[in-house]
Amino acid sequence: MEKMLPDEIVKQIRDVFKQLKHPVELLFFGSQARCEYCNEIQQLLEELIPLSGQLSLSIHDLEQEPDLARHYQVEGKAPAIVITAREGDQLTDYGIRYLGIPSGHEFTTLIQSILLVSGRDSGLNPQTRAYLKTLTTPLHLEVFVTPT
Amino acid sequence: MLLAYQMAMENPKMVLAEGVEAMEFQELSQQYGISGVPDTVINAAGRVVGAVPEQQMLAELIRTLGK
């Protein structure tokens, strides 16, 4: 199978991934029922993971693993990538999801979000942190993007 | 999108941040009437169009959720 990531890009990503501080696991949710590009996304992630020893990947199917899909709130949302923090066998869900094909600019965002989770710190200013810590109602942020 | 992820990270029990690719999830983006990106939908009620600084996003959260 032809590689999706060109050698030059692989080199750049390897360099960036040297900054990874702590392990990160990506959970990829595909769907046999309805997901045109799932194979391509899975391949892309499988090429990305070996570029750092801090990264791991697990592959799931929405229809075959409905309980897990419900747990991660990705029901009916294939293709979905959940970016979690891993300590040993333990995964911490930070509520971070990417729904769709991570290509173009969004591929860069995926790399950045891996760095973010690996750092284990939001980097937000104290005022924002304080507000979010005291939330009494759930907050759902849907950020729409296009792969330009 | 990274800002939303940063916010989720701060309190993942209460915050869910989804980056949604509008082409792949057309129905959802049509439902919200997304025309430009990035466009952030807050609890299906608030809207922040464009990439905005942290302070402005926080102000929009407060406006949408109250307090």
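The rules behind each value
- Residues numbered from 1 in each chain as written.
- Chains lettered and ligands numbered in written order.
- Predicted model: local features only at pLDDT ≥ 70, side-chain atom pairs only at ≥ 80, totals over all residues.
- Heavy atoms only, no water.
- Helix = DSSP H or I, 4+ residues; strand = E, 2+ residues; numbered from the N terminus.
- Rg over C-alpha atoms; globule rule 2.2 N^0.38 Å.
- Buried < 20%, exposed > 50% of the residue type's maximum accessible area, 1.4 Å probe, protein only.
- Contact = heavy atoms within 4.5 Å.
- Areas by Shrake-Rupley, 256 points an atom, 1.4 Å probe, with all protein chains shown as cover.
- Lys, Arg positive; Asp, Glu negative; His and termini not counted.
- Charge placed at Lys NZ, Arg CZ, Asp CG, Glu CD.
- Core = buried A, V, L, I, M, F, W, Y, C linked by side-chain atoms within 4.5 Å.

S.K.: Tell me what's going on with the overall build of chain B, and back it up with residues and numbers.
M.R.: In terms of regular secondary structure, chain B is built from three helices and three strands. Taken from N to C terminus, the helices and strands of chain B fall in the order α-β-α-β-β-α. Relative to the compact-globule value of 11 Å for 67 residues, chain B shows a C-alpha radius of gyration of 12 Å, a close match. Each of the three principal axes of chain B carries a C-alpha extent, and together these read 30 × 20 × 20 Å. Residue burial in chain B is summarised as follows: out of 67 residues, 54% are buried. Nonlocal contacts in chain B, meaning residues at least 24 apart in sequence, comprise 16% of its contacts between residues at least 6 apart. Working note: accessible area of chain B is about 3100 Å², and carbon and sulfur atoms make up 53% of it. Counting 4 positive and 8 negative side-chain charges, chain B places the centres of these two groups 12 Å from one another.

S.K.: Please provide a residue-by-residue account of the nonpolar core, values included.
M.R.: Grouped burial of nonpolar side chains is what soluble globular proteins tend to show. Counting residues in each nonpolar core, the largest one holds 70 residues, and the members touching the most others are A:Phe17, A:Phe29, A:Leu48, A:Ile81, A:Ile114 and A:Leu132. Not counting residues within four places of it along the chain, the set of residues in contact with A:Ile81 comprises A:Leu26, A:Leu27, A:Phe28, A:Ile41, A:Leu45, A:Ile96, A:Arg97, A:Tyr98, A:Pro102 and A:Leu110.

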